[in-house]
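Analysis of the macromolecular model
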Amino acid sequence: MIIFDNHMHLRRDGRYLDAVKEFIKAGGTHFVLCQYPMTQKVIEHKSYEPIFQETLKMAEEIQKNMDVTVYTTVGPYPVDYLKLIDVLGREETIDLMKKGMDQAAHLCEEGHCIAIGEIGRPHFPVDPQVMEDADQILSYGMKRAAEVDTAVVLHTETTTIAQCEQLVHMGEKVGLASDRIVKHFAPPLIYQEENFGLIPSVLASRKNIEEAAFKGTRFMMETDYIDDPRRPGAVLSPKTVPKRTFELLNNNHLSEDELGIIHQENPEKTYHISME
Ligand SMILES: [Zn+2]
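The rules behind the values
Throughout this description, residue numbers start from 1 for each chain and increase along the sequence as written. Totals for whole chains, interfaces and linings use all residues, but because this is a predicted model, local features are given only for residues with pLDDT of at least 70 and pairs of side-chain atoms are given and counted only at 80 or more. Note: side-chain values were computed over all heavy atoms of the structure, leaving out hydrogens and water. Each helix is a run of H or I in the DSSP string that is no shorter than four residues. Each strand is a run of E no shorter than two, and both are numbered from the N terminus. Values of the radius of gyration come from C-alpha atoms, whereas the globule rule sets the reference at 2.2 Å times the count of residues to the power 0.38. Each residue gets one of three labels from its accessible area relative to the maximum for its type: buried under 20%, exposed over 50%, partly exposed in between, using a 1.4 Å probe on protein chains only. Contacts are assigned to residue pairs that have any heavy atoms within 4.5 Å of one another. Methods summary: accessible areas were calculated by the Shrake-Rupley approach with a probe of 1.4 Å, and residue burial reflects only the protein chains presented. Working convention for charge: Lys and Arg count positive, Asp and Glu count negative, and His plus the chain ends are omitted. By convention, the point assigned to a charge is CZ for Arg, NZ for Lys, CD for Glu and CG for Asp. A pair of strands counts as paired when DSSP detects no fewer than two bridges linking them. Comment: axis = line fitted to C-alpha atoms, over the contacting stretch for helices; angle = value between 0 and 180 degrees taken between N-to-C directions. Regarding the arc, it is the one traced by the directions from the helix axis to the C-beta atoms. Pairing of aromatic rings covers Phe, Tyr and Trp, the last counted by its six-membered ring, and requires centre-to-centre distances within 6.5 Å; plane angles under 30 degrees mean stacked, over 60 mean edge-to-face, and any other angle means tilted. Charge-over-ring placement is defined geometrically: NZ (Lys) or CZ (Arg) within 6 Å of the ring centre, and within 35 degrees of the ring normal. The handedness rule is simple: strands pointing away from the viewer, and a clockwise path from the first strand over the helix to the second, make the crossover right-handed. Should a side-chain nitrogen of Lys or Arg be within 4 Å of a carboxyl oxygen of Asp or Glu, the pair is scored as a salt bridge.

1. Some points on the overall build of the protein
Looking only at helices and strands, the protein features 11 helices and eight strands. Computed over C-alpha atoms, the radius of gyration of the protein comes to 18 Å, within 12% of the 19 Å expected from 2.2 N^0.38 for 276 residues, which places it in the range of a compact globule. The dimensions of the protein, computed from C-alpha atoms along their principal axes, are 55 × 40 × 35 Å. For the protein, the residues scored as buried account for 56% of the 276 residues in total. Considering only intrachain contacts with a sequence separation of at least 6, the fraction spanning at least 24 residues in the protein is 69%. Here the protein displays about 11900 Å² of accessible surface, and carbon together with sulfur accounts for 50% of that area. One finds the centroid of the 29 positive side-chain charges in the protein at a distance of 4 Å from the centroid of its 44 negative side-chain charges.

2. Description of the sheet that holds strand E8 (residues 220-222)
The eight strands lie next to each other as E1-E2-E3-E4-E5-E6-E7-E8, forming an open sheet whose pairing is parallel. A strand with exactly one partner marks an edge of an open sheet, and here the two such strands are strand E1 (4-8) and E8. Taking each pair of neighbouring strands and ignoring which way they run, the sheet shows an average axis angle of 30°. Pairing of strand E7 (residues 199-203) with E8, which is carried by three bridges, proceeds in the parallel orientation. Bridge assignment links Leu 203 to a residue of E8, and that residue is Glu 222. Against the sheet, helix H3 (residues 49-65) contacts strand E2 (30-34) and strand E3 (69-74), and its axis sits at roughly 175° relative to E3.

3. Looking at helix H4 (residues 80-88)
Listing the buried residues of H4 in full gives Asp 80, Tyr 81, Leu 84 and Leu 88. All buried residues of H4 lie within an arc of 85° about the axis, which places them on one face of the element. Against helix H2 (39-45), helix H5 (90-109) and helix H6 (128-147) lie the buried residues of H4.

4. Thoughts on the packing of aromatic side chains
Per the stated rule, a full pass over the model turns up three aromatic pairs. Look at Phe 23 and Phe 31: their rings are 5.7 Å apart centre to centre, the planes differ by 75°, and that puts the pair in the edge-to-face class. Judged on exposure class, the residue Phe 23 and its partner Phe 31 are both buried. Residue placement shows Lys 98 over the ring face of Tyr 140; its charged tip is 5.6 Å from the ring centre.

5. So, the pairing of E7
With respect to burial, E7 is a largely interior element, five of its five residues being buried. Of the two faces of E7, both are covered, the one formed by Ile 199, Ser 201 and Leu 203 as well as the one formed by Pro 200 and Val 202. Pairing of strand E6 (residues 181-186) with E7, which is carried by three bridges, proceeds in the parallel orientation. By the bridge assignment for E7, Lys 183 is matched with Pro 200. Between E7 and its parallel partner E8, the chain crosses via helix H9 (residues 206-215), and the hand of that crossover is right-handed.

6. Some words on the pattern of salt bridges
Under the criterion given, the structure shown has 21 salt bridges. Close ionic contact of Lys 21 with Asp 18 constitutes a salt bridge, the shortest N to O distance being 3.5 Å. Here Lys 21 and its partner Asp 18 are both found in helix H1 (residues 17-26), three residues apart, which amounts to about one turn of the helix. One salt bridge in this structure joins Lys 143 and Glu 147, with 4.0 Å as the shortest N-O distance. Taken as a pair, Lys 143 and Glu 147 lie in helix H6 at a separation of four residues, close to a single helical turn. One network of salt bridges, in which partners are shared, links Arg 11, Asp 13, Asp 228 and Arg 230.

Quick look at the structure:
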């Protein structure tokens, strides 16, 4: 049985391979390694390329040593903007982050990554100017994703129905289909009239997943594990997605076929991958 975590971060100075072991031991088989924010390194190199390469190297290392399938997404983390402007100024920051979109798009085109992400907007209140710039950079990233026929993984302020509509509209304007837009850290907004066709990656708390499963199967599950030694087990621990999945199965909330839609069919369609 395929069990897929759609959003995990790993750090070499965190639990790293031990965290993957925990995921596998609980029944996990596939996961997305999402670019960890490394703002200081971006500033140092004035480029995203070195941190993207580092993430790809980690994925390769995991893939080589462990019985698990790792997919990678890379992209300029939206919150970087707030630190970059202090050092580079506004224009150069926007340029650098757009260039990061280009580099990420290129890695997708070459088959090294399955999506550009996580990209989007800061998740806390910011000045209107910051939001405007974030939207400009995001829209550019969506355009690049459409051009190289890849997906995007979005990090934003709290997900609402109105926001989903806006994000889908933003994609539409630059030619990116709604089913190529993944909303990371989503609540169970499963219905078309709630998400306007984007793919919710639902944070795997018990409450969220039970509600999502009650409503349907068009979603993915994630832990947003951040592998931060100062916040052990945050946001959710690596074993959570397998654990929730077996709970749904054992409580007869969902059948194995329905779970197959969530863990295999949805990621395969969204990212254009084959998981067998
Ligand atoms: Zn994340």
